[in-house]
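Each chain is listed here by its residues.
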Amino acid sequence: MGDTPKHARHVAIIMDGNGRWAKRRALPRAVGHQRGVEAVRNLVRGLGDTQIECLTLYAFSSENWKRDEEEVDDLMNLMRKFIKSDLPEFVANDVRLKIIGDWQSLAPDIVAMLEDALEQTSKGSRILAVALNYGSQQEIARAAAKAAAIGEVTEKTIAAHLDTNDLPPLDLLIRTSGEVRLSNFLLWQSAYAEMLFVDTLWPDFTPEMLKQALANFDGRERRFGGR
Ligand SMILES: CC(C)=CCC/C(C)=C/CC/C(C)=C/COP(=O)(O)OP(=O)(O)O
Ligand SMILES: C=C(C)CCOP(=O)(O)OP(=O)(O)O
Ligand SMILES: [Mg+2]
């Protein structure tokens, strides 16, 4: 595997634990999500200090619609606020936004904001991919249907129609909060990804912890089925 880079090019994070972070402090869940956004902001600000080419963040799953309407509204409003406040910083810091998932079916104003943000960041070189209304099984089914429509259902044609088709291969998947499951995130892309499950609740996750995760990755031996 001579062409395998030593460092992680593509890192994905399941940002779990906002609710428990708030509960421990007897605060509303919305406050946990707010602090979760701050953790995202700090991480994106520190991205330039790493060799990561693409950071993919799980922000809202296709199953998260099952939550109370109030919490869903809070999350959508945080999204609106985050794009508005942080877009200029993305542009200034060479960040290219990418959205994966069925984001086109979100509220029309969010879709419009995202389209504008995609356009404004299109020249950036470091990718921040945000998974919104994302479910990996749904993504694979969509890709398989497209592959079937061209009459060739293979690993290659399915991968070519996944939302992640223009991203580097996934190297490292991190989940915070101590849960050890994928919750319908990047199932196909995780085939040979390294995984790291940490107990830290998402609002407490720092850029320093990301660096520790990258160091942990650097110490692993990847074999891809070879010997
Ligand atoms: C990019 C961006 C603006 C992101 C929005 C903020 C953010 C960090 C969203 C993640 C939402 C979410 C469902 C987190 C999981 O915590 P949980 O609610 O499942 O917590 P719990 O498992 O402790 O209940
Ligand atoms: C981080 C996001 C956006 C989704 C995964 O976390 P969940 O909290 O929704 O997953 P489960 O514990 O329900 O599996
Ligand atoms: Mg959770």
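Conventions we followed
- Residues numbered from 1 in each chain as written.
- Chains lettered and ligands numbered in written order.
- Predicted model: local features only at pLDDT ≥ 70, side-chain atom pairs only at ≥ 80, totals over all residues.
- Heavy atoms only, no water.
- Axes fitted to C-alpha atoms, helices over the stretch in contact; angles between N-to-C directions.
- Helix = DSSP H or I, 4+ residues; strand = E, 2+ residues; numbered from the N terminus.
- Parallel < 35°, antiparallel > 145°, perpendicular 65-115°, else oblique.
- Left-handed = near helix turned anticlockwise from the far one by under 90°.
- Contact = heavy atoms within 4.5 Å.
- Nonpolar A, V, L, I, M, F, W, Y, C, P; charged D, E, K, R; others polar.
- Phe/Tyr/Trp six-rings, centres within 6.5 Å; stacked < 30°, edge-to-face > 60°.
- Buried < 20%, exposed > 50% of the residue type's maximum accessible area, 1.4 Å probe, protein only.
- Pairing = 2+ DSSP bridges.
- UniProt positions renumbered as here; feature names shortened; annotations may be inferred.
- Polar contact = N/O pair within 3.5 Å; in protein donor to acceptor, adjacent residues only side chain to side chain.
- Near = heavy atom within 4 Å.
- Areas by Shrake-Rupley, 256 points an atom, 1.4 Å probe, with all protein chains shown as cover.

This part takes up the packing of helix α2 (residues 29–45) against helix α3 (residues 69–92). Closest axis-to-axis distance for the α2/α3 pair is 10 Å, and the angle between their directions is 25°. As far as their axial angle goes, α3 and α2 are roughly parallel. Seen from above, α2 lies across α3 with right-handed handedness. Contact residues: R29, A30, H33, Q34, V37, V40, R41, V44 and R45 in α2; E71, D74, L75, L78, F82, S85, D86, E89 and F90 in α3. The class makeup of the residues in the contact of α2 with α3 is eight nonpolar, three polar and seven charged.

Turning our eyes to something else, we now look at the packing of aromatic side chains. Counting across every chain of the model gives seven aromatic pairs. Note on Y58 and F185: the rings are 4.1 Å apart at their centroids and 10° apart in plane angle, and the pair reads as stacked. Note that Y58 is positioned in strand β2 (residues 54–61) and F185 in the loop between β5 (172–175) and β6 (194–197), a separation of 127 residues in sequence. The same class applies to Y58 as to F185, namely buried.

A few words now on the sheet that holds strand β3 (residues 95–100). With parallel pairing, the six strands of this open sheet are ordered in space as β3-β4-β2-β1-β5-β6. Edge strands, defined here as strands with exactly one partner in the open sheet, are β3 and β6. Averaged over all neighbouring strand pairs, the angle between strand axes comes to 20°, with direction disregarded. Relative to strand β4 (residues 126–134), β3 is paired through six bridges, and the arrangement is parallel. Bridging from a neighbouring strand, R96 pairs with I127 of β4. The strands that helix α4 (residues 108–120) touches are β3 and β4; relative to β3, the one it contacts most, it runs at about 140°.

Annotation from UniProt places "active site" (unreviewed entry) at D16 and N64. Across 49 residues, the annotated set stays spatially compact, with a maximum C-alpha separation of 12.1 Å. Here D16 lies in the loop between β1 (10–14) and α1 (18–24). On the basis of relative accessibility, which here comes to 18%, the residue D16 falls in the buried class. When residues no more than four places from it in sequence are discounted, the contact partners of D16 are R175, T176, S177, E179, L201 and W202. Mapped onto the elements, N64 comes out in the loop between β2 and α3. At 2.8 Å, the side chain of N64 and the backbone nitrogen of S61 are in polar contact.

Turning next to the site of ligand 2. Around ligand 2, a shell composed of I14, M15, D16, Y58, A59, F60, N64, R67, R175, R181 and S183 is seen. The contact in question runs from an oxygen atom of ligand 2 to an N or O atom on the side chain of N64, over 2.9 Å. With respect to ligand 2, the side chain of R67 contributes an N or O atom lying 3.2 Å from an oxygen atom. Ranked by residues supplied to the shell around ligand 2, first place goes to β2 with three residues. For the shell around ligand 2, the class distribution of residues is five nonpolar, two polar and four charged.

Every one of the 18 residues lining ligand 1 counts as a neighbour, but D16, G19, R20, R29 and R67 are closest to it. R29 places a polar side-chain atom, nitrogen or oxygen, 3.0 Å from an oxygen atom of ligand 1. Considered on its own, ligand 1 offers 620 Å² of accessible surface; in the complex 93% of this is hidden by protein. For the shell around ligand 1, the secondary structure elements donating two or more residues are α1, α2 and α3. Of the residues contributing to the shell around ligand 1, the split by class is seven nonpolar, six polar and five charged.

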